Amino acid sequence: CGFLAYREWKVGESNLERIARGGKLASLVVEPASVGSKRQQLSSYRRFYRVLIAAGGQEYISKLARSLTADQLKDTNIIPEKLIETDVVVVPVLLDSTDTGKLVVRDTRTFWKEQITPEETDRNFDISRADSVVAFPVSSNQWLDYLDSEIATASKQGFDVLEKGITLTVKKNGRILRRATGQPPWPDLIGTMEVMDGSRFGMPGDSERYGGP
């Protein structure tokens, strides 16, 4: 199971540091994937949406995209619809390593929209299928500045961030619900969001990937 939680904060981190990081998170800018959408800060999602930030290398982001935009099992992929029902917005962040080994944030929108191709098991692939639940990071340096400590923490614990990826799940109040590595386990993630709201919508379809009633 690749989706393993990693330690959130070093022991003794002060409240002031947490508040400062919360401010950085709120000020990060995204551009929704839907045509004609305007750029906005993550703070604008508070009270209305939960945000799942998923950062990793090209293979990680490609797999993430295909999990949202292709039918990978015998049934129709309804994950985007379920994310809408549970008020979840996904922010993919494409990471890359420079010649010196330093990690940088690349142009995620262009990679997502133009360079991802389906594999043999991906039926009815359409990258626009998830536009309603995806937003892309704007201002690479600002995003890298925020993610740097998250990447460092995961790396120190032995995780290859480019290969395995990291995810941050942000609650509607703007606070981090969970930090983890690996691809998002969509049925479990959606189920967690539903429980937080005191309701369950169910996940019709194949239980292997899409959840099951």
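Everything discussed here concerns the structure shown above.
Since we're looking at a predicted model, the values are computed, not measured.

Enquirer: Would you mind showing me how to read the overall build of the protein chain here?
Expert: Within the protein chain, the secondary structure is distributed over seven helices and eight strands. Scored against the burial criterion, the 213 residues of the protein chain give a buried share of 46%. Sequence separation of at least 24 residues holds for 70% of the intrachain contacts in the protein chain that already meet a minimum separation of 6. As displayed, the protein chain offers around 10800 Å² of accessible surface, 49% of which is attributable to carbon and sulfur atoms.

Enquirer: I would appreciate a short explanation of the sheet that holds strand 8 (residues 176–181) in the present structure.
Expert: Strands pair in a sheet through their backbones, by hydrogen bonds, and they do so in one of two ways: parallel or antiparallel. Sheet architecture is open: five strands sit in the order 5-4-3-7-8, paired in mixed fashion. Because the sheet does not close on itself, it has two edges, and the strands there are strand 5 (103–105) and strand 8. Strand-to-strand twist of the sheet, defined as the mean angle between neighbouring strand axes without regard to direction, takes the value 20°. Sheet topology places strand 4 (residues 88–97) next to strand 5; three bridges connect them, and they run antiparallel. Counterpart to Ser97 in the pairing with strand 5 is Leu103. Along the sheet face, helix 2 (residues 58–69) touches strand 3 (50–56), strand 4 and strand 7 (166–170) and points at about 140° away from the line of strand 3.

Reading guide: rules and limits
- Residues numbered from 1 in each chain as written.
- Predicted model: local features only at pLDDT ≥ 70, side-chain atom pairs only at ≥ 80, totals over all residues.
- Heavy atoms only, no water.
- Helix = DSSP H or I, 4+ residues; strand = E, 2+ residues; numbered from the N terminus.
- Buried < 20%, exposed > 50% of the residue type's maximum accessible area, 1.4 Å probe, protein only.
- Contact = heavy atoms within 4.5 Å.
- Areas by Shrake-Rupley, 256 points an atom, 1.4 Å probe, with all protein chains shown as cover.
- Pairing = 2+ DSSP bridges.
- Axes fitted to C-alpha atoms, helices over the stretch in contact; angles between N-to-C directions.

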